Amino acid sequence: MGKNMQLVRCIVNGREIEEYVDVRESLLDMLRNRLGLTSVKKGCEVGECGACTVIIDGETYDSCIYMAVWANGKNIRTLEGLTGPNGELSKIQEAFMEEGAIQCGFCTPGFIMSAVVLMEKGEKLNRDAIKAHMAGNLCRCTGYHNIVNAVEKVLNE
Ligand code: FES
Ligand code: FES
C-alpha cells in the first residue's frame, strides 16, 4: 500500500463501501473508476459545468472538486441510486423523458441530482427560482427550456 493511499468508508447509493483511495483522488474518479458509477460525468473537472453533480448528505456537490477522502463517513448518492430494483425510472427521470429535456444526455445526471434535492426539500419554486438553483449545471444542447419544464412538473404536481 503506497503512503498516499487512505481508507474511505462511506455509504454509496445505500450500500456500505470501503475503498483505499489516493489522497489526491477526486470523488468523481473514485465513483467512476473504483465503483463503476459512470452516470457521474467528467466534464470540466474544475467545478464549473455540474456534469459531475452528486448528493452528499442531502446537498449537491461537484464531485470533481471534492476529494475522495472527504467522503469518509458520508452518505453519497448518484443517479444509479434513483432507479428501482428492475431498472424502473424515478419520477424525475420520467419527467425529463416526457418533456424532451435530454439531447446528448451528458449533463442530464447532474441536472437530475440537482432536481432531486429540490424535490426532497419539498420546494415549490417558480421557473426563475428553478433556473437559479440549477445555475451550476450547464447544458450545451437543450436551451434549458425543457429541463425547467421537467423540474417544474415534478415540483408542482
Ligand atoms: S466536471 Fe465537475 S463541475 Fe464540471
Ligand atoms: S443534453 Fe447535451 S449537454 Fe445537456
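What counts as what
- Residues numbered from 1 in each chain as written.
- Chains lettered and ligands numbered in written order.
- Predicted model: local features only at pLDDT ≥ 70, side-chain atom pairs only at ≥ 80, totals over all residues.
- Heavy atoms only, no water.
- Pairing = 2+ DSSP bridges.
- Helix = DSSP H or I, 4+ residues; strand = E, 2+ residues; numbered from the N terminus.
- Axes fitted to C-alpha atoms, helices over the stretch in contact; angles between N-to-C directions.
- Contact = heavy atoms within 4.5 Å.
- Parallel < 35°, antiparallel > 145°, perpendicular 65-115°, else oblique.
- Left-handed = near helix turned anticlockwise from the far one by under 90°.
- Nonpolar A, V, L, I, M, F, W, Y, C, P; charged D, E, K, R; others polar.
- Buried < 20%, exposed > 50% of the residue type's maximum accessible area, 1.4 Å probe, protein only.
- Phe/Tyr/Trp six-rings, centres within 6.5 Å; stacked < 30°, edge-to-face > 60°.

K.L.:
Give me the sheet that holds strand β1 (residues 5-12): which residues, what numbers.
P.N.:
Taken in spatial order, the five strands of this open sheet run β2-β1-β5-β3-β4, and their pairing is mixed. Single-partner strands in this sheet number two, and they are β2 (15-22) and β4 (59-62). Taking each pair of neighbouring strands and ignoring which way they run, the sheet shows an average axis angle of 40°. Summarising the sheet, β1 and strand β5 (residues 75-77) pair through two bridges and their orientation is parallel. Residue pairing for β5: I11 is matched across the bridge by N75. Helix α1 (residues 27-34) rests against β1, β2, β3 (53-56) and β5 of the sheet, and its axis sits at about 110° to β2.

K.L.:
Help me get a handle on the packing of helix α2 (residues 91-98) against helix α5 (residues 145-155), residues and values and all.
P.N.:
Interhelical geometry of α2 versus α5 gives an angle of 140° and a closest axis separation of 8 Å. In terms of orientation, α2 and α5 fall into the oblique class. Between α2 and α5 the crossing geometry is right-handed. Contact residues: α2 offers K91, I92, A95, F96 and E98, while α5 offers I147, A150, V151, K153 and V154. Taken together, the residues that form the contact of α2 with α5 break down as seven nonpolar, no polar and three charged.

K.L.:
Outline the side chain of D22, supporting the account with residue identities and numerical values.
P.N.:
Here D22 lies in strand β2. When near neighbours in sequence (up to four residues on either side) are disregarded, D22 contacts N4, M5 and R34.

K.L.:
Explain the pairing of β3 to me, and be specific about the residues and the numbers.
P.N.:
Side chains T53 and I55 project from β3 onto one buried face, and the interleaved V54 and I56 project onto a second face that is buried too. Sheet topology note: the β3/β5 ladder contains two bridges and is antiparallel. Within β5, the position partnered with I55 by the bridge is R77.

K.L.:
Let's hear about the packing of aromatic side chains: which residues, and what values?
P.N.:
Inspection of the entire model under this criterion finds three aromatic pairs. Both rings, one in Y66 and one in W70, keep their centres 5.3 Å apart while their planes meet at 80°; by these two values the pair is edge-to-face.

K.L.:
Account for the packing of helix α3 (residues 108-120) against α5, with residues named and values stated.
P.N.:
Close contact between α3 and α5 brings their axes to 10 Å; oriented N to C, the two are set at 25°. Accordingly, the angle class assigned to the pair α3 and α5 is roughly parallel. As for the relative orientation of α3 and α5, their crossing is right-handed in sense. Together, F111, A115, L118 and M119 of α3 and I147, V151, V154 and L155 of α5 make up the contact between the two elements. Considered class by class, the residues forming the contact of α3 with α5 number eight nonpolar, no polar and no charged.

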